[in-house]
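Examination of the molecular architecture
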Amino acid sequence: MPVDLKALKPVLARVRATPAAKDPGDWMTAACPSATAAERAAIAEALAKVPEPSFARDASRIPALQKRLKALKLAAFLVPRADEHQGEYIVARAERLKWLTGFTGSAGFVIVLQKEAALFVDGRYTLQAPAETDASVITCRHFKKPPAIEWLAEKVGKGDRVGFDPRVTPMREAERWRTALAKVGAELVALDENPIDAIWKDQPGDPFAAIHAYPVKLAGESSADKRARIGADIAARGAAAAVLNQLDSIAWLLNVRGGDTPATPLVQSFVILAADGHATWFVDEAKFTGGLTAHLGNGVTVQPIGAFADGLKDLAGKAVTIEPETATAWIAETLKSAGATLVEGQDPSVLPKARKNAVELAGTRKAHLRDGAAMAKFLRWVDTRAVGQGELAVMAKLEEIRGADPLHRGASFTTIAGAGSNGAIVHYRSSPDTEKVVEKGTFLLIDSGAQYLDGTTDITRTIAVGSVPKRLKEHYTRVLKGHIAVATARFPKGTGGIAIDGFARRALWQAGLDFDHGTGHGVGVYLGVHEGPGRISPLSQVPLEPGMILSNEPGYYETGSHGIRLENLVVVTESAMPGFLEFETITFCPFDRRAIAVGLLTTEERAWLNGYHADVRRKLGPRLAGADKAWLERMTAPL
């Protein structure tokens, strides 16, 4: 049957609101799998005429929202950077904070009052936020000085109504705001409609990306086995079902991958998992590819995503487990209104997902070897061709090299390429307006990662472009010493990341220096590059467990001068010493020996670095040839 372009028009608008895929026509394998080559070309031509969602900064939007607040008799409105699923990457339709303010960072919180507005960000964005927002309508503040909740409590008083969207606000977060506002006599009000949506006239629709089965040969465990295992945990909690709204949990549980969110192969959906292991998946079935229904089997019932509210109401009279820090206030209230009993607890998929199985670890190790070879080719290119090039050209070259891998599916996050002083912006994002040219005499910081079918990578290297001053070498070496301290750490079972974090900072602290971010985050397997619950940070007391993949990325940043970050991924493994754990480094790529003040390294640190570089040379050498291999041998020669 010929493809009906007119009937496809609504789908095309959704595709335009979907992150670009490695294969730009992949969505057609779901929407029109039988389309001929000529029809695919016609569809692609029609798609090109559909306008992309616009997020160009516009200072009139905050005043327009303030006018709306007055009409709704609201003293303030809370705007988190969040959607219904509480992930780092959100669908375009939910990018309300970005549309409202112009801020493009991955974490932020806005409070809009009738006559002022404030954007709260963490230390990663203290430079970026003011650069991207309009100071005439909004001020930028550090999220702890004071916290947003305390700041607003000083701005409102008795009888004031503060609005929030319960669909994008976690249950526990809403409780914290409600309690804080009640102390000053103000009321937190759940709104049926988000007032930003009323003024966002060209708001994108829901995304449309094809959904594919993720095979057991890569997942290492069938979805049926996972669901049975998680179902047993649900029963042990005394619950009849669990509600899952985190997309990486759903993708892991069902062994599926999609493309609805940037940089992460996720599917916009919800799951209700019964204690017997049966799942009801609320999802757009039009996005299914061939064989997916058979892959899911009889243990998964598929329902339209619009039926999710009814699915929650069907849990009336039952005990239901939800994670209060991620399940939204709307989910909680819908369940309670239906007569369900809430059993609070962690999303039951989170910890099993973090404990990678042997198949996942084997795939991830292979992905890192291929990625390491790609990085070596890229770094040689930087050494020979990057001077005089802009940051965007550097980023494009790295993506080009990685993209040659047939298992490559795109970046795991937007590459951070910070030349010179731009490297001091922790989560800097290059643009035509902000990019610098790579110049000699300073550092180039490259923080990047890739999604491969068999693993997710995340690596940062700081490169000395030409000869750099002694002070910069000292800073680099102190960061490297912290990296080595984490890589060589041995610690008792039950230890949380908070105990490891100081290892990364000790050499910096000795010089009166520090960095304003955690040392490490969890990483998934062809899933999120940032994954819980394990972390290495001053705040994380979650015990590290065997199989967890974490980043090891200390840094140092001097505003207006330079930034340094050195990152490898590590796996938590059993130590030969009973009762202890340690780390296995799985990233293989040279550190820049030209940036090292060798005299600052201890004998043990130098031995570790030489051993690491020997491993890099041995593992990557067979994957390289010619000038690339010669470069690798020079950069991994013993110090």
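Positions within a chain are numbered from 1, following the residues in the order the chain's sequence is written. Since the coordinates come from a predicted model, pLDDT governs what is reported: local features require at least 70, and pairs of side-chain atoms require 80 or more to be given and counted, while whole-chain, interface and lining totals use all residues. Side-chain metrics rest on all non-hydrogen atoms present in the structure, leaving aside hydrogens and water.

The name that an unreviewed UniProt entry assigns to the protein is Xaa-Pro aminopeptidase, with the source organism given as Phreatobacter oligotrophus.

**Some details on the packing of aromatic side chains**
When two rings of Phe, Tyr or Trp (its six-membered ring) have centres within 6.5 Å they constitute a pair, described as stacked for plane angles under 30 degrees, edge-to-face for angles over 60, and tilted for the intermediate range. Counted according to the given criterion, the structure contains 17 aromatic pairs. Ring centres of F282 and F308 lie 5.4 Å apart, and the angle between their planes is 65 degrees; this geometry places the pair in the edge-to-face category. Of this pair, F282 sits in strand β11 (residues 279-282) while F308 is found in helix α14 (residues 308-313), placing the two residues 26 residues apart along the sequence. No difference in accessibility class separates F282 from F308, as the two residues are buried. When the centroid spacing of 6.1 Å and the interplanar angle of 15 degrees are considered together, the rings of F588 and Y612 count as stacked. Here the residue F588 occupies a position in the loop between β28 (580-585) and α21 (603-620), and Y612 occupies one in helix α21, the gap between them amounting to 24 residues. Each member of the pair, F588 together with Y612, is buried. What links up through ring pairs into an aromatic cluster is the set F270, F282, F308 and W330. Working rule: Lys NZ or Arg CZ, within 6 Å of ring centre, within 35 degrees of ring normal, means a charge sits over the ring. Directly above the aromatic system of Y452 lies the positively charged group of R370, at a separation of 5.2 Å from the ring centroid. Helix numbering and strand numbering both begin at the N terminus, where a helix is a DSSP run of H or I of at least 4 residues and a strand a DSSP run of E of at least 2. Relative accessibility under 20% of the residue-type maximum defines a buried residue, over 50% an exposed one, and the middle range a partly exposed one, all with a 1.4 Å probe and only protein chains included.

**Quick notes on the domain arrangement of the protein**
Parsing the protein into structural domains produces domain 1 (5-47), domain 2 (60-199), domain 3 (212-345) and domain 4 (358-636). For the purposes of this description, domain bounds are those given by an automatic or database domain assignment. Between the C-alpha centres of domain 2 and domain 4 there is a distance of 34 Å. Throughout, a residue-residue contact means that at least one pair of heavy atoms, one from each residue, lies within 4.5 Å. With 10 residues of domain 2 in contact, the opposing surface of domain 4 contributes 12 residues. Buried area is calculated as the accessible area (1.4 Å probe) missing from two parts once they are joined, with the contributions of both summed. Both sides together, the interface formed by domain 2 and domain 4 hides about 940 Å², and carbon and sulfur atoms give 52% of it. It is Y89, R124 and L127 in domain 2 that bury the most area against domain 4; as a group they hold 49% of the surface buried on that side. The working definition used for a salt bridge is a side-chain nitrogen of Lys or Arg within 4 Å of a carboxyl oxygen of Asp or Glu. Linking domain 2 with domain 4 are zero salt bridges, by the criterion used here. We call two N or O atoms a polar contact when they sit within 3.5 Å, provided that within protein one can donate a hydrogen and the other can accept it, with sequence-adjacent residues counted only if both atoms are side-chain atoms. Summed over the shared surface of domain 2 and domain 4, the number is two residue pairs in polar contact (both at pLDDT 80 or more).

**Details of helix α8 (residues 171-182)**
Along its 12 residues, α8 runs 17 Å from first to last C-alpha, staying within 8% of the 16 Å computed at 1.5 Å per residue. When α8 is considered as a whole, its buried residues turn out to be M171, R172, A174, W177, A180 and L181. Helix span is expected to be 1.5 Å times the residue number reduced by one.

**Some thoughts on the packing of helix α1 (residues 5-16) against helix α3 (residues 37-48)**
Close contact between α1 and α3 brings their axes to 10 Å; oriented N to C, the two are set at 55 degrees. In terms of axis orientation, α1 runs oblique to α3. Judged by the twist between their axes, the crossing of α1 over α3 is right-handed. Contacts between α1 and α3 pair L5, L8, L12, V15 and R16 from the former with A42, I43, A46, L47 and A48 from the latter. Polarity classes work like this: nonpolar for Ala, Val, Leu, Ile, Met, Phe, Trp, Tyr, Cys and Pro, charged for Asp, Glu, Lys and Arg, and polar for all others, with Gly in that last group. Of the residues that constitute the contact of α1 with α3, the class distribution is nine nonpolar, no polar and one charged. A fitted line through C-alpha atoms represents every axis, and for helices the fit uses only the stretch in contact; the resulting angles, taken between N-to-C directions, go from 0 to 180 degrees. Working rule for angles: under 35 degrees goes down as roughly parallel, over 145 as roughly antiparallel, 65 to 115 as roughly perpendicular, anything else as oblique. With the far helix as reference, a near helix turned anticlockwise by less than a right angle produces a left-handed crossing, and one turned clockwise produces a right-handed crossing.

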